[in-house]
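Single-letter residue listing:
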Amino acid sequence: QKRAEAKAKADAVAASRRARSGFMPRLEALERRLSALERTENRLIIGESGFSFDSDRDLLFTEENLRMAERSVQLLEHQAEERKARKAYMPLFDELKPRAEALGVTLEHSYERVYLSGDTFSGGYRYSKEGIASMLSALDRLEAEAIVREEETKAKEAKAKAEAAERAAQALEASRRAQ
């Protein structure tokens with residue numbers, strides 16, 4: 001049993017050594033991508049019979065292992081893009097905070113999005129030009145709705161005042177006739 005396991009492992013290592021040259025272009029591309037990210041904690045170490053990536057050690061040169069490393073680098077690249085976008089757009093979103101607060105809506109940052117939330121509205125916006133444009137549109141709409149509500153309230157108050165004045169005038173007229 002142990003001898004069979006040892007032979008299977010030795011065969012896998014030998015196959016990995018033979019496959020090394022075929023995987024080198026992709027591994028070298030991964031090294032360049034990692035270098036561009038300037039992240040020292042994510043390292044790719046290429047050996048004779050396998051490679052190590054991050055905390056995964058002694059990976060054989062197989063399609064599955066290489067795809068796993070490529071997906072990991074792709075995720076790291078995506079995270080770097082998200083950090084860059086957040087850094088660039090966070091100040092622009094923060095400039096909109098007074099408008100949001102004037103409407104009774106809070107503006108809160110998360111890792112991937114900025115959220116507006118209030119009693120009657122909530123929405124999330126990505127750190128991007130499109131996210132800024134969408135939030136501006138939402139704030140414009142909320143401000144327009146607030147103006148309409150304010151005008152409706154003023155109209156109701158004016159109508160109530162007019163009706164109260166009319167009732168007072170009628171009461172005064174009725175009291176004069178009664179005399």
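Residues numbered from 1 in each chain as written. Predicted model: local features only at pLDDT ≥ 70, side-chain atom pairs only at ≥ 80, totals over all residues. Heavy atoms only, no water.

## Description of the sheet that holds strand E2 (residues 50-53)
Let me state the cut-off plainly: Strands pair, by our definition, only if DSSP identifies at least two bridges between them. Strands here mean DSSP runs of E at least two residues long; helices mean DSSP runs of H or I at least four residues long; both are numbered from the N terminus. Here an axis means a line fitted to C-alpha atoms, over the contact stretch when the element is a helix, while the angle between two N-to-C directions is reported on a 0 to 180 degree scale.
Taken in spatial order, the three strands line up as E1-E2-E3 in an open sheet, and their pairing is antiparallel. Two strands close off the open sheet at either side, each with one partner strand: strand E1 (44-46) and strand E3 (56-60). Between one strand axis and the next, the sheet turns by 20 degrees as a mean value, whatever way the strands run. Bridging between E1 and E2 involves three bridges; their strand directions are antiparallel.

## Digging into the confidence of the model for the protein chain
Test applied: As a per-residue measure, pLDDT tells how confident the predictor is, with possible values from 0 to 100.
Averaged over all residues, the pLDDT of the protein chain is 90; the fraction at 70 or higher stands at 99%. Between the elements of the protein chain, mean pLDDT differs from a low of 84, seen in E3, to a high of 94, seen in helix H3 (residues 97-102).

## Observations concerning the pattern of salt bridges
Convention followed: The rule for a salt bridge is simple: a side-chain nitrogen of Lys or Arg has to be within 4 Å of a carboxyl oxygen of Asp or Glu.
Taken as a whole, this structure holds eleven salt bridges when the rule is applied. Notably, a salt bridge pairs aspartate 140 with arginine 99, separated by 2.6 Å at the nearest N-O pair. Of the two residues, aspartate 140 sits in helix H4 (residues 129-178) while arginine 99 sits in helix H3, which places them 41 residues apart along the sequence. A salt bridge links glutamate 173 to arginine 177, with the shortest nitrogen-to-oxygen separation between them at 3.6 Å. Here glutamate 173 and its partner arginine 177 are both found in helix H4, four residues apart, which amounts to about one turn of the helix.

## What to know about the packing of helix H2 (residues 63-94) against H4
Quick reminder of the rule: By the definition adopted for this analysis, an angle is roughly parallel if under 35 degrees, roughly antiparallel if over 145, roughly perpendicular if from 65 to 115, and oblique otherwise. Left-handed is the label given to a crossing in which the near helix is rotated counterclockwise from the far helix by less than a right angle, and right-handed is the label when the rotation is clockwise. The contact criterion used is simple: two residues touch if any of their non-hydrogen atoms lie within 4.5 Å.
Relative orientation of the contacting elements H2 and H4 amounts to 15 degrees, with a least axis distance of 10 Å. If you check the angle between H2 and H4, you find them roughly parallel. Between H2 and H4 lies a crossing whose hand is right-handed. For the pair H2 and H4, contact is made by Tyr89, Leu92 and Phe93 and by Lys129, Gly131, Ile132 and Met135, respectively.

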